[in-house]
Amino acid sequence: MALELSFTVQAKELPLGTAEFEKQRAALLRGLIDKVPHEYRLPRELIENPPTNVSGIPLTCGILTAEEIEITETYDAIGLAEAIAGRKYTAVTVATAFSKRAIIAHQLTCCLTQWFMDEAIEQAQMLDEYLAKNGKPIGPLHGVPISIKDHIPIAGVFSSLGCLSSIVKDDTDCQMVDILRRMGAVFYCKTNQPQSLMHLESDSIWGRVLNPFNIHLSAGGSTGGEAALVAMKGSVLGVGTDIGGSVRGPSAFCGIYGFKPTSYTLPMRGFLSHPAAAELNVLASTGPMCRSLRDMDLLMKTILQASPHLLDPKLVPIPWTGLQTIIDRRLKIGIITNDGFIEPQPPVRRAISWVTKLLADPKLGNQIEVKEFKPFGASDAWSKVRRMYWPDGGQGNRSAIIASGEPLHHLSEWIWKDQKPTGVQDVQAVNLLRRERDNFRYAFAQSWEEQDVDIVIGPAFVGPASAHDTAYYWTYTSLYNLVDYPGVVIPTPIIAEAGEKYSSDYIPSSEACKHVKELWEATNFEGAPINLQIVGRKYHDNELFGYLARLQDILQLP
């Protein structure tokens, strides 16, 4: 689409729908573009001929002032809140800086669906007035800009489930947004997601999200717009959702922090306009995406201190201690080199070697015991979870997408292809799937206990960020959705390099493993960051953060 290409970089175009659909889509895109002042727009020559790595352009494009660069580059959310409370910056100045940087990031990565700078400045002005009148901030997030995934409702703003026919304008905040607003957060944008909300590439009606470090790679999904925006420093803290890796995968693709709590920890009331059939057996979770360990802790603490369980009885009211959780024993850490199903691609193996070397340092022998860990049933888990996602054979999603003449995207069709022939399952079939799930969980817990570890550290994905339309295998994240264990992805200093090769003694452990190697050899992943995933037991989220606090200096985590 010419309109789209004239405003945002698009490394790989999306398929075209009917003429009527394309007309409606053009109007949507025009609505976003028309909000953007000309002085915030990047040169067309840059949009049409971008470098592979666009992450540094916000610093050099001349749109941001020196102060705005300082605000967006050097602070995490806690630091920003402190600077605003100490009156180093006004909330208006901070909201302006992040709104400008977000729209720059969007032009380079197509990470946004909604951008409402004027409304953000109005929110910020009220917060500045409150601080001036009362001499103290309204809450722990006073003036901190927070970005929100597109399907999560914000009052007065449009949301969608990733396709044209699902777009609605929300009259009220959902529960989490309401809490964040009361704590002083400023909302200024919403971020892109996949067409079906159910795969690892964010390629909706708004366009395809690009990886900031290599635009020929994906930023992940389903919270890929959020990940790209945070990586581009157009957001300091965002909110995503995860039912198969949708926080952890994009965070790993873009080299930022992401946390999937155990289900029913944080409120998701009102997140979806329609119930998701997948959650009959696999529960979604919501969590933070950000650039510092302590900001993950901040969001968890801020939300849970508001006692959301009083309005949502599904939530388990476990008090949050997070990074302050005391772990006064020797840590037993399991290292996952592969899951027995898919061998990770070369740079991920380097990251595993990096973390193993650090943790196995003899100087840490009295603090940490490192051992190999073999995840139970990875191949079986992938087969099960894919069936459980689509008890309706994908008919609901598919019908909603094509109703408007919208074309089905490649990964949308791929994710439900195995279940499509079965159609809608009856009640007993869904019951039997639940028994399969529970039996798998029992066996997984037994295996974890027998291997005697507190946490495990391993791949967050089969490789770095995938090439566009090739994010087929989420086995390293979806496993922990099936068993409902909390997981954090952390950045490492490892970056994918040109010319990396598989070991000469590599033998594929499955057809999927063989395919992953073929995908590696067909793509240039140079420049892509590598994250690792740290996982704890179900409802041991506090302990997981206590372990992270113990490991922070060892792993040099920001």
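Look up a bit, the structure's there.
Residues numbered from 1 in each chain as written. Predicted model: local features only at pLDDT ≥ 70, side-chain atom pairs only at ≥ 80, totals over all residues. Heavy atoms only, no water.

A. The arrangement of the overall build of the chain in detail. When you go through the chain residue by residue, the secondary structure sums to 20 helices and 17 strands. Taken against the 2.2 N^0.38 rule, which gives 24 Å for 558 residues, the C-alpha radius of gyration of the chain at 22 Å falls within 12% of a compact globule. In the chain, 80% of the contacts between residues at least 6 apart in sequence involve partners at least 24 apart. Carbon and sulfur atoms make up 53% of the accessible area of the chain, which amounts to about 20,500 Å² in all. Treating the 52 positive side-chain charges of the chain as one cloud and the 62 negative ones as another, the clouds have centres 2 Å apart. (Helix = DSSP H or I, 4+ residues; strand = E, 2+ residues; numbered from the N terminus. Rg over C-alpha atoms; globule rule 2.2 N^0.38 Å. Contact = heavy atoms within 4.5 Å. Areas by Shrake-Rupley, 256 points an atom, 1.4 Å probe, with all protein chains shown as cover. Lys, Arg positive; Asp, Glu negative; His and termini not counted. Charge placed at Lys NZ, Arg CZ, Asp CG, Glu CD.)

B. Here's a closer look at the side chain of Thr492. Looking at the secondary structure, you find Thr492 in strand β16 (residues 487-495). One polar contact links the side chain of Thr492 to the main-chain amide nitrogen of Ile494, over a distance of 3.1 Å. Among the polar contacts listed, one links the side chain of Thr492 to the backbone oxygen of Ile530, at a separation of 2.7 Å. Not counting chain neighbours up to four residues away, the residues in contact with Thr492 comprise Ala351, Trp354, Ile530, Asn531 and Leu532. (Polar contact = N/O pair within 3.5 Å; in protein donor to acceptor, adjacent residues only side chain to side chain.)

C. Looking closely at the environment of Tyr547. Along the chain, the position of Tyr547 falls in helix α20 (residues 541-551). Those residues in contact with Tyr547 that sit more than four places away from it in its chain are Ile327, Arg329, Leu331, Asp454 and Ile455.

D. Local environment of the environment of Leu210. Inspection of the secondary structure puts Leu210 in strand β8 (residues 210-211). Sequence spacing of Leu210 and His468 is 258 residues, and the spatial spacing of their C-alpha atoms is 8.6 Å. Those residues in contact with Leu210 that lie beyond four places of it in its chain are Val9, Gln10, Ala11, Leu108, Thr109, Ile215, Leu217, Ala219, Ala228 and His468.

E. How the structure looks around helix α12 (residues 293-304). End to end, α12 covers 17 Å across twelve residues, agreeing with the expected 16 Å (1.5 Å per residue, within 8%). Most of α12 sits out of view: ten of its twelve residues are buried. Three or more residues of α12 are buried, namely Leu293, Asp295, Met296, Asp297, Leu298, Leu299, Met300, Thr302, Ile303 and Leu304. (Expected span 1.5 Å × (residues − 1). Buried < 20%, exposed > 50% of the residue type's maximum accessible area, 1.4 Å probe, protein only.)

F. Examining the environment of Lys149 more closely. If you trace the backbone, Lys149 turns up in strand β2 (residues 145-149). Sequence-distant contacts of Lys149, defined by excluding residues within four places in its chain, comprise Lys190, Thr191, Gln193, Ser222, Thr223, Glu226, Val239, Gly240, Thr241 and Ser246. One polar contact links Lys149 to Thr223, side chain to side chain, over a distance of 3.2 Å.

G. Structural detail: the packing of helix α14 (residues 378-389) against helix α18 (residues 475-482). Two numbers describe how α14 lies on α18: the axes approach to 9 Å, and their chain directions differ by 65 degrees. For the element pair α14 / α18, the angle class is roughly perpendicular. The crossing of α14 and α18 is left-handed. When α14 is examined against α18, the residues Ala381, Trp382, Val385, Met388 and Tyr389 are found in contact with a partner set consisting of Thr475, Ser478, Leu479 and Leu482. Its residues placed into classes, the contact of α14 with α18 shows seven nonpolar, two polar and no charged. (Axes fitted to C-alpha atoms, helices over the stretch in contact; angles between N-to-C directions. Parallel < 35°, antiparallel > 145°, perpendicular 65-115°, else oblique. Left-handed = near helix turned anticlockwise from the far one by under 90°. Nonpolar A, V, L, I, M, F, W, Y, C, P; charged D, E, K, R; others polar.)

H. Up close: the layout of surface pockets. By volume, the largest pocket is sized at about 930 Å³. The wall of the largest pocket is formed by 40 residues, among which Leu272, His274, Pro275, Ala276 and Glu279 lie closest to the centre. Elements with a contribution of two residues or more to the lining of the largest pocket: β10 (237-242) and α15 (395-402). Ranked by residue count, the leading element in the lining of the largest pocket is α15, at four residues. Here the residues of the lining of the largest pocket are counted per class, giving 22 nonpolar, eleven polar and seven charged. Counted as a void, the second largest pocket has a volume near 260 Å³. Around the second largest pocket sit 15 residues that line it, and Lys35, Thr113, Gln114, Val157 and Phe158 are the ones nearest its centre. Listing elements by their share of the lining of the second largest pocket, those giving two or more residues are α2 (19-33) and β1 (112-115). (1 Å grid on protein atoms, 1.4 Å probe; cavity = no way out; pocket = protein on both sides within 12 Å on 5 of 7 lines; lining within 4 Å. Points joined across faces, edges and corners; volume = space filled by probe spheres on them.)

I. How the structure looks around the packing of aromatic side chains. All chains considered together, the criterion is met by 19 aromatic pairs. On the numbers, 5.6 Å between centres and 85 degrees between planes, the contact of Tyr75 with Tyr89 is edge-to-face. With a gap of 14 residues between them, Tyr75 in the loop between α5 (66-74) and α6 (77-85) and Tyr89 in the loop between α6 and α7 (91-109) connect regions that are remote in the sequence. Of the two residues examined, Tyr75 and Tyr89, each falls in the buried class. Note on Trp520 and Phe525: the rings are 4.8 Å apart at their centroids and 5 degrees apart in plane angle, and the pair reads as stacked. Of the two residues examined, Trp520 and Phe525, each falls in the buried class. Of the aromatic side chains, those joined through ring pairs into one cluster are Phe373, Phe376, Phe440, Phe444, Trp448, Tyr480 and Tyr485. (Phe/Tyr/Trp six-rings, centres within 6.5 Å; stacked < 30°, edge-to-face > 60°.)

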